[in-house]
Each structure stands twice: as C-alpha cells, then as structure tokens.
Amino acid sequence: MISLGPHKLQSRVLLAPMAGVSDFPMRTLCQGYGAGLTTTEMITSKTHLWETDKSSFRFKKTRYNHIPHSIQIVGSDPKQLAFSAQMAVEAGADIIDINMGCPAKKVCKKLAGSALLGDEQLVGDILTAVVGAVSVPVTLKIRTGTEPSKRNATTIGKIAEDAGIQMLTIHGRTRACRFLGQAEYDTIADVVQSVKIPVIANGDIKDPTLARKVLDYTKAAGIMVGRGVQGQPWLIKSLVSETQNRAFNEPTFDEKILIIQKHMSFLYQFYGDQKGVQIARKHMTWYLENLTLNRHHKQAFNTLASINEQKSFIQDLAIFFKEGNVA
C-alpha cells in the first residue's frame, strides 16, 4: 500500500493529470472504478490567474472523500510555486503535485514542465521551496530527461528524495520524445533502485497484461494511466483487478452505453448546457473509437447542439451497433 503522509492509497493504480481530460467528471468516474489517486489538470503557479473560469473548474474536489485531493501546479519560479502551493492547500488540496513532465511547447518555452529537467539546481530549489512551504505531502511528476542523450531521471529522483518529495511519477519518455515511439521502462527501473520513496511508472500502460509486465520489470510501487482511459474509463478497474489478482469482466456494449451516459451527465451538470455539450464531443469521439463505430457517427455527434440531441444519439447507439455500423 502506498502511503503519502496520513493518506494510504486504496490501490496501486493512479489516474494521470491531463489537461483537458482529467477534469472533475473524469476524476469522479475513475475514482469510482478504484483509482487510488487522481490529480487535477495542471494549474498555473500565477495565482492572479486563478479567478478565470478555466482555473476555477480545475480546483473542484471530487466526491469520494476517502481519496485525497491532489492539485498539480506548474511554473518555474521557486517562490511563486511555494506561494501557489500554500494557496492550493487553502483551497482544499490534501496533496500538492509539481509538474515537471509536461512536454507541451507553450509550457516548456516558459522553462516550466519537462524543460526544468535541464536545470538540476533549479529543480532542487523548486522542490525545497514547495516542500518547505506546506504541511501536506508533495509529489513530483517528471519525464526521463530532456532528450534521449540526456536522461537524468535518476539524478532528479535523488534530488527529489533529498528535498522531501514523498512520491515520484516517471513517464518513460524524454521531453524531446513527446508522445512519439514507445515508452521505455529501463530508466524507471533504475530510479526505483536508487531511491526509497515510492516510484510510479507511467507511459503507454493501456491493458492489464502490460501493467503487470511494467510492475514486475520496474518494481515500481504503482502505475499511472493517462491516455489509455480516454474512451474507456473502465480500464482503471481492469488494472486495479490485475494488481489485486482479481478477475475482471469487460463491460458489455450495453454496460458501456450506461457508462457513457453517466459520464455525459457529469459533464452537463458540471459545465452547464453550452460548455457541457462542447466538451462532450471530445469525449464521445474517444468513446466511439473504442466502440469501433464508423466515422459517420463521430461526425454526426459533433453536429449536435443540445443536451437532448446528444442524449438521444447515445440512446440510439445500440441500434447503430446492432445494424453492423462498425469500422
């Protein structure tokens, strides 16, 4: 069992913080499937921007009170990050997660996210400042380095441990790799052997078989799943079942429709009519791909402009499937 301060995580499967994906509805859904920890979408350390609708949505605490509320912050200035961590705790954070893994250009050009891995002194300054500023556990998410020839995750891991970071998540790619190619787990295994804090393996974990192989190979304390849950949040339950040696039955088509309806209801309730309809289109694209329905249905859903139209479409999915409209 993974312990973070007073918190004992209920499973070894964690949901990755993903901008535009791991919002309140998705976190709620995945916690219901057994995720031991979920983390908000990254929130800027510039606290004067927190009054925007975009940021306010990201602070929302999910409904499962036994699961700690982890808020991820991103930035490059130690004092600013320390202050934002304090403000996040005041806003309800049980855990602060620091983003040093995002490869997005708009983040890295500000020397934040995975760009920070190129400045080990600054990494240490940031971690020391944030850990010293709050009384709650602080965790860190990184990549293996800035580029394949400069993998320094082992060094960063030691810096993190010395600074008081309580858990380290590593995505098995460098900043330069973005999401191309396959994730590698050798570096993660090396870090696990080099530090005493829990290390979480992340990257390309999309099925129980690979999850088991990654855990056995790296000896990581747990796994974090990201893009794999898009269009199939029940993946969390299958991974939890694998780590706990329990059987898992893939949801039937009808059960998947009920899950989609539940997710869409969360989106409408949380974002309201207009924004909820817009965001539903993105998630439905992933669900439809998972259900292998053809492109016609994806295009048709994206033209729908109201909640009722979207609900009717989802109700009719079973008919589309029975008529053989699959890719």
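To start, this report covers the structure provided alongside it. (Residues numbered from 1 in each chain as written. Predicted model: local features only at pLDDT ≥ 70, side-chain atom pairs only at ≥ 80, totals over all residues. Heavy atoms only, no water.)

1. Comments concerning the overall build of the protein chain
Right, so step 1: When helices and strands are counted, the protein chain shows 14 helices and 11 strands.
Right, so step 2: Against the compact-globule benchmark of 20 Å for 327 residues, the protein chain has a radius of gyration of 20 Å, which places it among compact chains.
Right, so step 3: By its C-alpha atoms, the protein chain is 60 × 45 × 35 Å across when sized along the principal axes.
Right, so step 4: When burial is assessed residue by residue, the protein chain has 54% of its 327 residues classed as buried.
Right, so step 5: Across the protein chain, the fraction of contacts at a sequence separation of at least 24, relative to all contacts at a separation of at least 6, is 69%.
Right, so step 6: About 14,400 Å² of surface is accessible on the protein chain, with carbon and sulfur atoms providing 49% of the total.
Right, so step 7: Placing the 39 positive and 29 negative side-chain charges of the protein chain at their respective mean positions leaves the two points 2 Å apart. (Helix = DSSP H or I, 4+ residues; strand = E, 2+ residues; numbered from the N terminus. Rg over C-alpha atoms; globule rule 2.2 N^0.38 Å. Buried < 20%, exposed > 50% of the residue type's maximum accessible area, 1.4 Å probe, protein only. Contact = heavy atoms within 4.5 Å. Areas by Shrake-Rupley, 256 points an atom, 1.4 Å probe, with all protein chains shown as cover. Lys, Arg positive; Asp, Glu negative; His and termini not counted. Charge placed at Lys NZ, Arg CZ, Asp CG, Glu CD.)

2. Quick look at the environment of I43
Right, so step 1: Its location among the elements puts I43 in strand 5 (residues 43–44).
Right, so step 2: Here I43 falls in the buried class, since its relative accessible area comes to 1%.
Right, so step 3: In this structure, the C-alpha to C-alpha distance between I43 and G75, residues 32 residues apart in sequence, is 8.9 Å.

3. Brief notes about the pattern of salt bridges
Right, so step 1: The tally for this structure, following the rule as stated, stands at 7 salt bridges.
Right, so step 2: A salt bridge links D94 to K61, with the nearest nitrogen and oxygen atoms 3.7 Å apart. Of this pair, D94 sits in the loop between helix 3 (78–90) and strand 7 (95–100) while K61 is found in the loop between helix 2 (53–58) and strand 6 (70–74), placing the two residues 33 residues apart along the sequence.
Right, so step 3: The exposure class assigned to K61 is partly exposed, which follows from its relative accessible area of 37%.
Right, so step 4: Two residues, D204 and R173, come together in a salt bridge whose shortest N-O distance is 2.8 Å. Of this pair, D204 sits in the loop between strand 10 (199–202) and helix 8 (208–218) while R173 sits in the loop between strand 9 (167–171) and helix 7 (186–194), and the two are 31 residues apart along the sequence.
Right, so step 5: A residue is classified by how much of its surface remains accessible, and D204, at 21% relative accessible area, is partly exposed.
Right, so step 6: Overlapping salt bridges bring together R173, D204 and R227 as one network. (Salt bridge = Lys/Arg side-chain N within 4 Å of Asp/Glu carboxyl O.)

4. Details of helix 8
Right, so step 1: Buried within helix 8 we find A211, V214, L215 and T218. Buried positions in helix 8, seen along its axis, are confined to an arc of 95° and lie on one side of it. With respect to the buried face of helix 8, the exposed residues turned more than 90 degrees away are T209 and K213.
Right, so step 2: Two to three positions downstream of the cap, the backbone nitrogen of T209 sits 3.0 Å from a side-chain oxygen, assigning the N-cap of helix 8 to D207.
Right, so step 3: Immediately downstream of helix 8, the backbone of K219 shows phi near 65°, a positive value. (Arc of directions from axis to C-beta. Polar contact = N/O pair within 3.5 Å; in protein donor to acceptor, adjacent residues only side chain to side chain.)

5. A look at helix 9 (residues 235–243)
Right, so step 1: In terms of burial, helix 9 is largely enclosed, as 7 of its 9 residues are buried.
Right, so step 2: For helix 9, every residue scored as buried is listed here: L235, I236, S238, L239, V240, S241 and T243.
Right, so step 3: Where helix 9 is buried, its residues touch strand 3 (13–15), helix 1 (24–32), helix 8 and strand 11 (222–225).

6. Some details on unusual backbone geometry
Right, so step 1: One non-glycine residue with positive phi stands out, namely D204, at about 65°.
Right, so step 2: Of note, K219 is a non-glycine position whose phi angle comes to about 65°, a positive value.
Right, so step 3: Tracing the backbone through its elements, the reader meets K219 in the loop between helix 8 and strand 11.
Right, so step 4: Overall, K219 belongs to the exposed group, its relative accessible area being 54%.

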